Amino acid sequence: MLDKLDQLSNRLVELDELLMHPDATSNMDSYRKMTREHAELGPLVALYHRYQEAGNDIATAQEMLGDPDMKDFAQEEIEAGKVTMVQLERELQTMLLPKDANDERNIFLEIRAGTGGDESALFAGDLLRMYTRFAERNRWQVELVSASDSDLGGYREVIVRLVGNGAYSKLKFESGGHRVQRVPATETQGRIHTSACTVAVMPEADEVEDVNINPADLRIDTYRASGAGGQHINKTDSAVRITHLPTGIVVECQDDRSQHKNKAQAMKVLAARIKDVQLREQQSKEAATRKSLIGSGDRSERIRTYNYPQGRMTDHRINLTLYKLDFIMDGDLTELTNALAAEHQAELLAALGD
């Protein structure tokens, strides 16, 4: 670890020199990359310097141990220095963990009703509200991409785009099966029913860099949009369905009156889904190595239960139970997302140690 930190410290010095050069801004792409790298390395190297200073303080105190008048003071300094170094070493290990390149990306959030019929569709609506409220708390923008309404309310399927800093980093562990236990409004006997929804969180892809889509692999169909929208929306073939033939992925978009805008939005969702398939394959391999379910990308895995009669939410991957379901369903997810992120970080640290 120390060799790596020495290399990064030297790299920061090199970047300082490069950025101070008169021609630094002649290539703006290169300049932006260097300033970004400098901003990332700065805090890490500063922490490493504090770690080195603590080591130097211990060495100085050890030299004073031979002086009877200074021995007790020196011993205290050595003990305090060792505690500081252990703490700083932990912080350095955390900062050296591999960064997820998608963490700062916007996301497409997809919720599908599963077992449970109308009650599952209603729960899909509740989950959408929960994530929308969480987005509002983070001052993210929420855009409806497509929605398939159910007869009694809620959604058979709904896709939204969340735009904001760190959207993927905060919600990337939400993919999977979400189960609800409650008495449905349509239940006359007061019996508790269990139903489920599937949530998929996909980082928005940069089509140019991330996903290479061959136009020959696409089948694009247009049709008349259904549902709300007045007379105009049903008179024109503005809705778009894109099928990616190699993977069988189908994306539909009918939210906008413009066929061009619907096609552009559908292409974004398609790119995100293809990228998501690649990500899940990679994560499944990593999860198999770490024997972890967090971030495994296994959508069939039941990750969470929302029990309304008991007012509790349980995340089965980290055995976390919170008795504040009303707050959670109103978008108070910070405690949960922080706990999932901390567990993931602990796994990465353990893997680093191995």
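Data block above holds the structure.
Residues numbered from 1 in each chain as written. Predicted model: local features only at pLDDT ≥ 70, side-chain atom pairs only at ≥ 80, totals over all residues. Heavy atoms only, no water.

**Regarding the side chain of R312**
With respect to the helices and strands, R312 occurs in strand β10 (residues 312-315). Within the structure, R312 has its side chain in polar contact with the side chain of Q310 (distance 2.6 Å). Apart from the residues within four sequence positions on either side, R312 is in contact with Q181, T305, Y306, N307, T321, L322, Y323 and L325. (Helix = DSSP H or I, 4+ residues; strand = E, 2+ residues; numbered from the N terminus. Polar contact = N/O pair within 3.5 Å; in protein donor to acceptor, adjacent residues only side chain to side chain. Contact = heavy atoms within 4.5 Å.)

**Focus: the sheet that holds strand β6 (residues 218-223)**
Read across the open sheet, the 3 strands follow the order β6-β7-β8; overall the sheet is antiparallel. Two strands in the sheet have a free side with no partner beyond their single neighbour: β6 and β8 (249-253). Ignoring which end each strand starts from, the neighbouring axes of this sheet average 15° apart. Two elements, strand β7 (residues 239-244) and β8, share 5 bridges in a ladder whose sense is antiparallel. Across the sheet, residue I242 finds its bridge partner in β8, namely V251. (Pairing = 2+ DSSP bridges. Axes fitted to C-alpha atoms, helices over the stretch in contact; angles between N-to-C directions.)

**Quick word on helix α2 (residues 28-63)**
For α2, spanning 36 residues, the distance from its first C-alpha to its last is 51 Å, which sits close to the expected 52 Å at 1.5 Å a residue. Of all the bends in α2, the greatest, near 30°, is centred on L41, and the proline P43 appears no more than four residues after it. Turning to α2, its buried residues number three or more, namely M34, L41, L44, V45, L47, Y48, Y51, A54, I58 and A61. You can read the cap of α2 off the contacts: a side-chain oxygen lies 3.2 Å from the backbone nitrogen of D29, and it is on N27. (Expected span 1.5 Å × (residues − 1). Bend = angle between axes of the 7 residues up to and from the residue. Buried < 20%, exposed > 50% of the residue type's maximum accessible area, 1.4 Å probe, protein only.)

**Focus: the packing of α2 against helix α3 (residues 71-96)**
Interhelical geometry of α2 versus α3 gives an angle of 160° and a closest axis separation of 9 Å. By the criterion of interaxial angle, the relationship of α2 to α3 is roughly antiparallel. Note on packing geometry: the crossing formed by α2 with α3 is left-handed. Residue composition of the contact of α2 with α3, grouped by class: 15 nonpolar, 4 polar and 5 charged. (Parallel < 35°, antiparallel > 145°, perpendicular 65-115°, else oblique. Left-handed = near helix turned anticlockwise from the far one by under 90°. Nonpolar A, V, L, I, M, F, W, Y, C, P; charged D, E, K, R; others polar.)

**A word on helix α4 (residues 117-137)**
A rise of 1.5 Å per residue sets the reference length of α4, with its 21 residues, at 30 Å; its end C-alpha atoms lie 31 Å apart and thus fit the reference within 8%. Within α4 the residues assigned to the buried category are E119, S120, A121, F123, A124, G125, L127, L128, M130, Y131, F134 and A135. Just past α4, the residue R139 takes up positive phi, approximately 60°.

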